[in-house]
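Structural features, examined
These are the residues of each chain, in order.
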Amino acid sequence: MRKFHRITDGPSAAELAEIEAEWPLIAAELDLLDAEINLINAADHGGPTALDWRRKRRAEAKVTRVAAELAAPPTLRKAVA
């Protein structure tokens, strides 16, 4: 007699909930990555502008802010956006 094992290729509901909870941090890190890529690409076009550097600093600050918010105890968290 053969026994069939259930194969799950995707994430579980608990894993999806964790991803959803961390999504603001993931989005902030993607924004930072985008700002860093723009700085690298700007080097080929005369160098980064003051606005490029400002975007990078703001993206870094957002990553720090969101990471701190997610690290806070759940009772102290506010809606992260």
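Residues numbered from 1 in each chain as written. Predicted model: local features only at pLDDT ≥ 70, side-chain atom pairs only at ≥ 80, totals over all residues. Heavy atoms only, no water.

1. As for the environment of Glu 60
- Mapping Glu 60 onto the fold places it in helix H2 (residues 50-71).
- Sequence separation of Glu 60 and Glu 36 is 24 residues, and the distance between their C-alpha atoms is 10.0 Å.
- A polar contact of 2.6 Å, which involves the side chain of Glu 60, links it to the side chain of Lys 56. (Helix = DSSP H or I, 4+ residues; strand = E, 2+ residues; numbered from the N terminus. Polar contact = N/O pair within 3.5 Å; in protein donor to acceptor, adjacent residues only side chain to side chain.)

2. Considerations on the nonpolar core
- Leu 25, Ala 28, Leu 32, Ala 35, Ala 59, Val 63, Val 66 and Leu 70 form the largest nonpolar core, which has eight residues in total.
- Elements that contribute at least two residues to this core include exactly helix H1 (13-42) and H2. (Core = buried A, V, L, I, M, F, W, Y, C linked by side-chain atoms within 4.5 Å. Buried < 20%, exposed > 50% of the residue type's maximum accessible area, 1.4 Å probe, protein only.)

3. Side note on a positive patch on the surface
- Residues Arg 54, Arg 57, Arg 58 and Arg 65 make up a contiguous surface patch of positive charge.
- Secondary-structure assignment places Arg 57 in helix H2. (Patch = residues over 30% accessible without salt bridge, like charges linked within 9 Å, V, L, I, M, F, W, Y side chains within 5 Å. Areas by Shrake-Rupley, 256 points an atom, 1.4 Å probe, with all protein chains shown as cover. Salt bridge = Lys/Arg side-chain N within 4 Å of Asp/Glu carboxyl O. Lys, Arg positive; Asp, Glu negative; His and termini not counted. Charge placed at Lys NZ, Arg CZ, Asp CG, Glu CD.)

4. Comments concerning H1
- A rise of 1.5 Å per residue sets the reference length of H1, with its 30 residues, at 44 Å; its end C-alpha atoms lie 42 Å apart and thus fit the reference within 8%.
- Of all the bends in H1, the greatest reaches close to 55° and is centred on Glu 22; the proline Pro 24 follows between one and four positions later.
- Each element contacted by the buried residues of H1 is listed here: H2. (Expected span 1.5 Å × (residues − 1). Bend = angle between axes of the 7 residues up to and from the residue. Contact = heavy atoms within 4.5 Å.)

5. Things to note about the pattern of salt bridges
- Applying the stated criterion across every chain, the model contains three salt bridges.
- Two residues, Asp 31 and Lys 62, come together in a salt bridge whose shortest N-O distance is 3.9 Å. One end of the pair, Asp 31, is in helix H1; the other, Lys 62, is in helix H2, and 31 residues separate them in sequence.
- The exposure class of Asp 31 is partly exposed, given its relative accessible area of 40%.
- Note that Asp 52 and Arg 55 form a salt bridge whose closest N and O atoms lie 3.9 Å from each other. Taken together, the residues span about one helical turn, with Asp 52 and Arg 55 both in helix H2 at a distance of three residues.

6. Some thoughts on H2
- For H2, which comprises 22 residues, the first-to-last C-alpha distance of 32 Å matches the rise-based estimate of 32 Å (1.5 Å per residue) to within 8%.
- Here H2 has its buried residues at Asp 52, Lys 56, Ala 59, Val 63, Val 66, Glu 69 and Leu 70. When H2 is viewed along its axis, its buried side chains cluster within an angular range of 155° and face the same direction. Projecting away from the buried face of H2 at angles above 90 degrees are the exposed residues Ala 50, Arg 58, Thr 64, Arg 65 and Ala 71.
- Of the surrounding secondary structure, the elements contacted by the buried residues of H2 are H1. (Arc of directions from axis to C-beta.)

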